[in-house]
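# Remarks on the overall topology
Listed here are the chains, written in short residue letters.
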Amino acid sequence: MNQCNCKRMFLCAWRGFLRWLTDARLIIVLCICVFLYSFVTEPLMANARLMDEPINLFEPFIATLNSGMVLLVVPLGFLALISDYPVIDGSSIFYIFRIGRRNWLYGQVLQMLMMVASYILAMFAASVAGAISYSFIGRNWSLVATNFTSKFPEQRKNFGVLLLPENLYNQMTLPVALVESTLLVAAYLFSVGMILLAFTVAKRKAAGMIVCGLLIVLGSIFCSSHTKMMWIFPMSHSIVWMHYTEFLREPVFPLLYSALYFAAVVLTALLLCIVLLKRFDYHVISLEAQA
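Residues numbered from 1 in each chain as written. Predicted model: local features only at pLDDT ≥ 70, side-chain atom pairs only at ≥ 80, totals over all residues. Heavy atoms only, no water.

As a further point, take the packing of helix α6 (residues 101–129) against helix α13 (residues 255–277). It is the contact of α6 with α13, at a shortest axis distance of 11 Å, that shows an interaxial angle of 155°. In this view, α6 runs roughly antiparallel relative to α13, as classed from their interaxial angle. Both α6 and α13 take part in a crossing whose hand is right-handed. Contact residues: α6 offers R101, R102, W104, L105, Y106 and V109, while α13 offers L270, C273, I274 and L277. (Axes fitted to C-alpha atoms, helices over the stretch in contact; angles between N-to-C directions. Helix = DSSP H or I, 4+ residues; strand = E, 2+ residues; numbered from the N terminus. Parallel < 35°, antiparallel > 145°, perpendicular 65-115°, else oblique. Left-handed = near helix turned anticlockwise from the far one by under 90°. Contact = heavy atoms within 4.5 Å.)

Set out below in structure tokens:
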């Protein structure tokens, strides 16, 4: 194997990222953006208009990253977008031989980071765009988030209220919720991508798609049931409010453990890739891609 070369890794990642950005399947992002506006931003804005109080501009994005339904649709959409990742076609064999196997592998990891970051950025833009006209920017939660049920007790089951549960604003400040939610969801999506990469290197890409899909769907089911089994799946670890009760400071599940969970998944997948890399026959895979 060739020695690692940072420039080659970056160029490999950038080449794959640009190819991904021009893929026709990126229309899925537009569909998800429309879904986020309808499912998250609009219910929060409806509550803001009813209460005649602006919301914090970042609250729709935080709600997006903490909704169980959204975190079923968003990872499935991401999985569909990366379904051909890593791309290996007829011309790939020459490119991979030229840059080296390790550079190609680490380039794929870097590309996944780029794809996750851009996907999160698209989610952010879709969530906050519809709230700009009636929002403020600050470090505090809005009165719409914290006092809506006090003013409208009959609206306690209002969907906009459920998007920002008490477990969030009672347990942490808005900046902390924003940062932790973003990092955990990014780790969730990155873990899915790394699992798919590991299965591809093991020449079991179809099985990898099935495993990733099952992890997402089963994770959503177990999160809905609120059983201890949910902590087996990555989805529960990505939702910040599920780590806390509504009022007590004692965490249900420490965030540090969730960070270690994602680190373990990513490192295990990466180590499997490195071990299997020597036996990875690019020529055979590229011929299969042409078939």
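Turning our eyes to something else, we now look at the side chain of S67. For S67, the position within the fold is in the loop between α3 (59–64) and α4 (70–81). The buried category is assigned to S67, whose relative accessible area is 8%. With near-sequence residues (within four places) excluded, S67 lies in contact with F39 and L163. (Buried < 20%, exposed > 50% of the residue type's maximum accessible area, 1.4 Å probe, protein only.)

This next bit is on the state of the cysteines. Here the structure, examined in full by the defined rule, presents zero disulfides. Looking at the unpaired C273, the closest cysteine sulfur is the one in C212, lying at 12 Å. (Disulfide = S-S within 2.5 Å.)

Moving on to the layout of surface pockets. Estimates place the volume of the largest pocket at around 650 Å³. The greatest single-element share of the lining of the largest pocket, amounting to four residues, is contributed by helix α8 (residues 159–163). (1 Å grid on protein atoms, 1.4 Å probe; cavity = no way out; pocket = protein on both sides within 12 Å on 5 of 7 lines; lining within 4 Å. Points joined across faces, edges and corners; volume = space filled by probe spheres on them.)

So, on to a nonpolar patch on the surface. A surface patch of nonpolar side chains, about 490 Å² in accessible area, is lined by L76, I210, L214, V217, L218 and I221. When residues in the nonpolar patch are grouped by element, the largest group, five residues, is from helix α11 (residues 205–225). (Patch = residues over 30% accessible without salt bridge, like charges linked within 9 Å, V, L, I, M, F, W, Y side chains within 5 Å. Areas by Shrake-Rupley, 256 points an atom, 1.4 Å probe, with all protein chains shown as cover. Salt bridge = Lys/Arg side-chain N within 4 Å of Asp/Glu carboxyl O.)

For the rest of this paragraph, the subject is empty space enclosed by the protein. Counted by the stated rule, this structure contains three cavities of 30 Å³ or more. Empty space within the largest cavity amounts to approximately 90 Å³. Of all the secondary-structure elements, those providing two or more residues to the lining of the largest cavity are α2 (27–51), α7 (143–151) and α8. Tallying contributions element by element places α7 first for the lining of the largest cavity, with four residues. Classifying every residue of the lining of the largest cavity gives eight nonpolar, four polar and one charged. Approximately 70 Å³ is the volume found for the second largest cavity. The element best represented in the lining of the second largest cavity is helix α1 (residues 6–21), accounting for three residues. (Nonpolar A, V, L, I, M, F, W, Y, C, P; charged D, E, K, R; others polar.)

In regions of low pLDDT, the predicted coordinates are not meant to be interpreted in detail. Per-residue confidence for the protein gives a mean pLDDT of 86, with 91% of residues at or over 70. With pLDDT under 50 throughout, residues 285–291 is counted as low confidence; its partners more than four residues away or in other chains account for ten contacts. (pLDDT = per-residue confidence, 0-100.)

Turning next to the nonpolar core. Within the largest apolar cluster, 89 residues are counted, with the highest numbers of intra-cluster contacts made by I82, Y119, W141 and L168. Counting residues per element, this core draws most heavily on helix α10 (residues 174–201), at 16 residues. Contacts of I82, omitting those with residues within four sequence positions, involve W20, M112, M115, G193 and L196. (Core = buried A, V, L, I, M, F, W, Y, C linked by side-chain atoms within 4.5 Å.)

Moving on, we come to the pattern of salt bridges. Enumeration over the complete set of coordinates arrives at three salt bridges. With a shortest N-O distance of 2.6 Å, R49 and E42 are connected by a salt bridge. A residue is classified by how much of its surface remains accessible, and E42, at 26% relative accessible area, is partly exposed.

Bringing the environment of R49 into the picture now. Take R49: it is sitting in helix α2. Here R49 falls in the partly exposed class, since its relative accessible area comes to 47%. A sequence separation of 124 residues divides R49 from T173, and the C-alpha atoms of the two residues are 24 Å apart.

Our next topic: α7. All buried positions along α7 are accounted for by V144, A145, F148 and T149. One side of α7 carries all its buried residues, which in axial view fall inside an arc of 110°. Along α7, exposed side chains directed more than 90 degrees from the buried face belong to S150 and K151. Of the surrounding secondary structure, the elements contacted by the buried residues of α7 are α2, β1 (55–56), α3, α8 and α9 (166–169). (Arc of directions from axis to C-beta.)

Moving on to α1. In this model α1 runs 22 Å from its N-terminal to its C-terminal C-alpha over 16 residues, within 8% of the 22 Å that 1.5 Å per residue would give. Residues of α1 that are buried: M9, C12, A13, G16, F17 and W20. Looking straight down α1, one finds that the buried residues subtend no more than 130° of arc, so they occupy a single side. (Expected span 1.5 Å × (residues − 1).)

Under the definition given, this model contains 14 aromatic pairs. On the basis of an interplanar angle of 75° and a centroid distance of 4.9 Å, the ring pair of F39 and F159 is categorised as edge-to-face. With F39 in helix α2 and F159 in helix α8, this residue pair connects regions lying 120 residues apart in the sequence. What makes F159 partly exposed here is its relative accessible area of 35%. With centroids separated by 5.0 Å and ring planes inclined at 40°, the aromatic side chains of F148 and F152 adopt a geometry described as tilted. There is no split in this pair, since F148 and F152 are both buried. Three or more aromatic residues joined by ring pairs make a cluster, and in this case those are F10, W14, F17 and W20. (Phe/Tyr/Trp six-rings, centres within 6.5 Å; stacked < 30°, edge-to-face > 60°.)

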